[in-house]
Amino acid sequence: MGKIKNIITVLFFFTVAFAHAQQQIDSLHPVFPKQGYQNPIRKYYDLSEYELILSGGQVSDSGRVLVNMPRASLAVMYHANYNFGKHTGIYSGLGVRNIGFINQLPVPNQKDAIIKQRSWALGIPIALKLGNMGSGTYFAIGAEEEWMFNYKEKVFFDGHKSKHSEWTSTDVNNFMPSAFMEFHFLKSFFVRCRYYPTDFLTNQNSLITLPKTSTQVNYTPTNSTMFYISVGVTEL
């Protein structure tokens, strides 16, 4: 949590410094964007965002690292943007995404089970934008705090499946910070990388009952960090 607070503090002071410098530069030129630019300068404007996520993670179970499998999911977000000048800006907003991971869970003397663990999350980001604000071609770095409000777990074994879900579950840490960086291009497309430095799962000992069997497997996730890459689009 301390690392994320430091990132947010740096972003704030970096934004103030760039805003002051940009105002000094733009005082020598017209503040309106060139013809063909879409995004306004020194005005608030809204954007909707749609994101396709490919996520993964590293889960340690009682000292062993589980084999991770990529997981695809979707996210939507509302952005409130403000551009200080032609080359710097900031955005915040509210987003909903489905995040988690898929891992192979070893079963003694049998083939592995598959365990899928995910949560719906509500997040508030803050990001600094550097680039061409008018055309929407820019690089951004930021941080976000997310609330994990609905957890779901699925276990697959020998062609059978079991699942359970829970609101504000104790199986996951309810609040998770993250840091991200992204590149926006061609007016509305973007590529993003995000990393969650804290554990997704709570460190608690549990017994996973394999579906359609009486076999139970001990599951103690001592480490469960996540990351993802994504592509998406924004629209006014």
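Structure first, text after, so check above.
Residues numbered from 1 in each chain as written. Predicted model: local features only at pLDDT ≥ 70, side-chain atom pairs only at ≥ 80, totals over all residues. Heavy atoms only, no water.

A. Representation of the overall build of the chain. Across its full length, the chain holds one helix and 13 strands. Seen in sequence order, the chain has helices and strands lined up from the N terminus as α-β-β-β-β-β-β-β-β-β-β-β-β-β. In the chain, which comprises 236 residues, the share counted as buried stands at 42%. Contacts spanning at least 24 positions in sequence make up 69% of the contacts within the chain whose residues lie at least 6 apart. A total of about 12000 Å² of accessible surface is found on the chain, and carbon and sulfur atoms cover 63% of it. (Helix = DSSP H or I, 4+ residues; strand = E, 2+ residues; numbered from the N terminus. Buried < 20%, exposed > 50% of the residue type's maximum accessible area, 1.4 Å probe, protein only. Contact = heavy atoms within 4.5 Å. Areas by Shrake-Rupley, 256 points an atom, 1.4 Å probe, with all protein chains shown as cover.)

B. Layout of the side chain of S178. Structurally, S178 is set in strand β9 (residues 175-185). For S178, a relative accessible area of 0% gives the class buried. A polar side-chain atom of S178 sits 2.8 Å from a polar atom in the side chain of R194. (Polar contact = N/O pair within 3.5 Å; in protein donor to acceptor, adjacent residues only side chain to side chain.)

C. Representation of the packing of aromatic side chains within the structure. This model, assessed by the stated rule, comprises seven aromatic pairs. Summarising the aromatic geometry, the rings of F183 and F185 are spaced 5.7 Å apart at their centres and angled 15° between planes, so their arrangement reads as stacked. Residue F185 is classed as partly exposed on the basis of its relative accessible area of 26%. Among the aromatic residues, ring-to-ring pairing joins Y44, Y82 and F84 into one connected group. Sitting over the ring of Y138, K129 keeps its end group 5.1 Å from the ring centre. The ring of F180 carries R192 above its face, with NZ or CZ at 5.7 Å from the centroid. (Phe/Tyr/Trp six-rings, centres within 6.5 Å; stacked < 30°, edge-to-face > 60°. Lys NZ or Arg CZ within 6 Å of the ring centre and 35° of its normal.)

D. Structural detail: the side chain of E51. By the secondary structure assignment, E51 is in strand β1 (residues 44-61). Within the structure, E51 has its side chain in polar contact with the side chain of Y228 (distance 3.0 Å). One polar contact links E51 to S230, side chain to side chain, over a distance of 2.6 Å. With sequence-adjacent residues up to four places away left out, E51 is seen in contact with S73, L74, A75, R97, F190, R192, Y228, S230, V231 and G232.

E. Summary view of the pairing of strand β12 (residues 216-219). Judged by which residues are buried, β12 turns out to be one-sided: V217 and Y219 face inward and are buried, whereas Q216 and N218, on the alternate face, are not. As judged from the four bridges shared by strand β11 (residues 206-209) and β12, these two strands associate in the antiparallel manner. Paired with I208 across the two strands is V217, which belongs to β12. From the end of β11 to the start of β12, which pair antiparallel, there are six residues, and K212 there has a positive phi angle of about 65°. (Pairing = 2+ DSSP bridges.)

F. Expanded view of unusual backbone geometry. The phi torsion at R42 lies on the positive side, around 60°, for a residue other than glycine. Within the secondary structure layout, R42 lies in the loop between α1 (2-26) and β1. Phi at K212 is positive, roughly 65°, even though this residue is not glycine. With respect to the helices and strands, the residue K212 is situated in the loop between β11 and β12.

G. Focus on the environment of Y50. Note on placement: Y50 falls in strand β1. Judged by its relative accessible area of 38%, Y50 is partly exposed. Residues Y50 and V76, 26 residues apart in the sequence, show an inter-C-alpha distance of 4.7 Å. Leave out the neighbours within four places in its chain, and Y50 touches A75, V76, F190, V231, G232, V233 and E235. There is a polar contact of 3.3 Å between the side chain of Y50 and the side chain of E235.

H. Geometry of the pairing of strand β8 (residues 160-167). In the sheet, strand β7 (residues 137-157) pairs with β8 via eight bridges, with the strands oriented antiparallel. Within the sheet, the bridge partner assigned to Y151 lies in β8 and is E166. Between β7 and β8, which pair antiparallel one after the other, the connecting turn spans two residues, and D158 there sits at a positive phi close to 55°.

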